[in-house]
Amino acid sequence: MTNRKVTLASRPNGMIADNNFKIVEEEIPAIEDGEILVQIEAISLDPAIRGWMNEGTTYIKGIEIGAVMRSFSAGKVIQSKNDSFAVDDYVEGFLGTQLYSISNGEGIRVINVSHGKLSHYLGVLGMPGMTAYFGLLRRGEPKSGEVIYISAASGVVGSTVGQIAKIKGCTVIGSAGSDTKCKFLVDECGFDYAINYKTEDLDAKLKEYAPDGINIFYDNVGGATLDTALLNLARGARVVICGAISQYNDMANIYGPKNYMKIVSARGYMTGIIVFDFIEEWPSAVEEMSGWIADGKINVKEHLVKGLDNYVPTLKMLFTGENFGKLVLIT
């Protein structure tokens, strides 16, 4: 059997480029005791990948040159010498950007695909959905009647945050980069308001939609968007920093918030969310999220692309805004 995998050929300087990656073919070795062989069917593409391509360690070590590109992937166990996994089990975890993966089972979970499509476990029932769930409920601590604003709201994290916030009785405002995405937020995700940040004045719209201020700001963008949101905080506001996609291609010159003193005058706080801190609680969160999906309380939108050869142009979509929904590569 032959494996095909995407490896890191060089570290990007700014926007990712084709020459940062290489597709390698190699024979699959026999698995050893304690290992499993997984045939990968779906690969998650997430903004965090850009940070993982940098040298050094933040909350996770950067990908080594020549190593397979890190990704959450899902597929079927086709060989097993590990008592915790049976042939034909579906599993998900850091299996990499490749067609087959050998694992000792560490960090890999068996998934019940009867709860949803396999690709859901890379999105709403996977790392992005869990980021939304714990970031909002544990860090944002929403209360019924509060106002939440979410940047990059049409992505899987943002749209899930907003829908959970609606379940919790909040007024939800989201911003996105097109009228189509804004319409999706209101019509399909139940947001109260959506702002096209490319054509509308974000500050003016936040003052219109939240005249008494924002109680929770869930930030996926950073930069000027964060600065504008800070100007509109209500007393006791919580700012949850999930991501900063506007900054990922130039982290050496990151745009820091000018208006951070608004945290003081609002008597609020700014905090971060790393989803792996809650990994032991993922199963119970997946159960609750699955119930909300089944009840029609959470709408799921995916953007599926076929073929490992399309990895690089598909990954670029995350940073140009071309994708609409959770971006998943189907092998």
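Up top you'll find the structure we're talking about.
Residues numbered from 1 in each chain as written. Predicted model: local features only at pLDDT ≥ 70, side-chain atom pairs only at ≥ 80, totals over all residues. Heavy atoms only, no water.

Chemist: Just to check I follow, could you spell out the overall build of the protein for this structure?
Modeler: Across its full length, the protein holds 9 helices and 15 strands. By the compact-globule yardstick of 20 Å for 331 residues, the protein fits well, its C-alpha radius of gyration being 20 Å. C-alpha extents for the protein along the principal axes are approximately 65 × 45 × 35 Å. Across the 331 residues of the protein, 51% fall into the buried class. In the protein, once contacts between residues fewer than 6 apart in sequence are set aside, the share between residues at least 24 apart is 66%. Carbon and sulfur atoms provide 48% of the accessible area of the protein, an area that totals close to 14,500 Å². (Helix = DSSP H or I, 4+ residues; strand = E, 2+ residues; numbered from the N terminus. Rg over C-alpha atoms; globule rule 2.2 N^0.38 Å. Buried < 20%, exposed > 50% of the residue type's maximum accessible area, 1.4 Å probe, protein only. Contact = heavy atoms within 4.5 Å. Areas by Shrake-Rupley, 256 points an atom, 1.4 Å probe, with all protein chains shown as cover.)

Chemist: Could you clarify how one ought to interpret the pairing of strand β1 (residues 2–8) in this entry?
Modeler: Both faces of the sheet carry side chains from a regular strand, because those side chains alternate between them. By the criterion of burial, β1 is predominantly enclosed, with 5 of the 7 residues buried. Bridging between β1 and strand β2 (residues 21–27) involves 7 bridges; their strand directions are antiparallel. Bridge pairing in β2 places valine 6 opposite isoleucine 23. (Pairing = 2+ DSSP bridges.)

Chemist: I'm lost on the pattern of salt bridges in this one. Help?
Modeler: Under the definition given, this model contains 15 salt bridges. Lysine 326 is the salt-bridge partner of aspartate 46, the closest N and O atoms lying 3.3 Å from each other. Here aspartate 46, found in the loop between β3 (36–44) and α1 (48–52), pairs with lysine 326, found in strand β15 (residues 326–330); they are 280 residues apart in sequence, far enough to count as distant. Assigned by exposure class, aspartate 46 and lysine 326 land together as buried. Between aspartate 192 and lysine 166 there is a salt bridge, with the nearest N and O atoms lying 2.9 Å from each other. Taken together, the residues span a long stretch of sequence, with aspartate 192 in the loop between α4 (179–187) and β10 (193–196) and lysine 166 in helix α3 (residues 156–167) at a distance of 26 residues. Because the salt bridges share partners, they merge into one network encompassing Arg4, Glu25 and Asp309. (Salt bridge = Lys/Arg side-chain N within 4 Å of Asp/Glu carboxyl O.)

Chemist: Got a minute to help me understand the nonpolar core in this structure?
Modeler: One recurring pattern in soluble globular proteins is that nonpolar side chains are buried together. Ranked by internal contacts, the top residues of the largest apolar core, which has 78 residues, are Phe21, Met69, Ile148, Met289 and Tyr311. Core analysis: the second largest hydrophobic core is formed by 18 residues, Tyr209, Phe217, Leu226 and Ile263 among them. (Core = buried A, V, L, I, M, F, W, Y, C linked by side-chain atoms within 4.5 Å.)

Chemist: Even after reading the chapter, I still don't get helix α5 (residues 202–209), so can you show me in this structure?
Modeler: What sets the pattern is the α-helix's 3.6 residues per turn: residues three or four places apart point alike. Those residues of α5 that fall on the buried side of the exposure criterion are Leu202, Lys205, Leu206 and Tyr209. Angularly, the buried residues of α5 cover 100° about the axis, an arc narrow enough to put them on a single face. At its buried positions, α5 is contacted by β8 (147–150), β9 (171–176), β10, β11 (214–219) and α6 (223–230). For α5, the N-terminal capping position is held by aspartate 201, with its side-chain oxygen 3.1 Å away from the main-chain nitrogen of aspartate 203. (Arc of directions from axis to C-beta. Polar contact = N/O pair within 3.5 Å; in protein donor to acceptor, adjacent residues only side chain to side chain.)

Chemist: Looking at this model, I keep getting lost on the sheet that holds strand β12 (residues 233–241). Mind explaining?
Modeler: Hydrogen bonds along the backbone pair up the strands of a sheet, which may run parallel or antiparallel. The 6 strands are arranged β10-β9-β8-β11-β12-β13 in an open sheet whose pairing can be described as parallel. Of all strands in the sheet, those bounded by a partner on one side alone are β10 and β13 (269–272). Taken over all neighbouring pairs, the strand axes of this sheet differ in orientation by 15° on average, direction set aside. Contacting β9 and β10, α4 runs over the sheet at an angle of about 170° to β10. Across the sheet, α5 is in contact with β8, β9, β10 and β11; its angle to β10 comes to roughly 170°. (Axes fitted to C-alpha atoms, helices over the stretch in contact; angles between N-to-C directions.)

Chemist: Explain helix α9 (residues 311–320) to me, please; I cannot follow it from the model alone.
Modeler: Summarising burial for α9: 7 of the 10 residues are buried, a large majority. Turning to α9, its buried residues number three or more, namely Tyr311, Val312, Thr314, Leu315, Met317, Leu318 and Phe319. Here the buried face of α9 lies against β1, β2, α1, β14 (302–306) and β15. Remark: glycine 321 follows α9 within two positions and exhibits a positive phi of approximately 80°.

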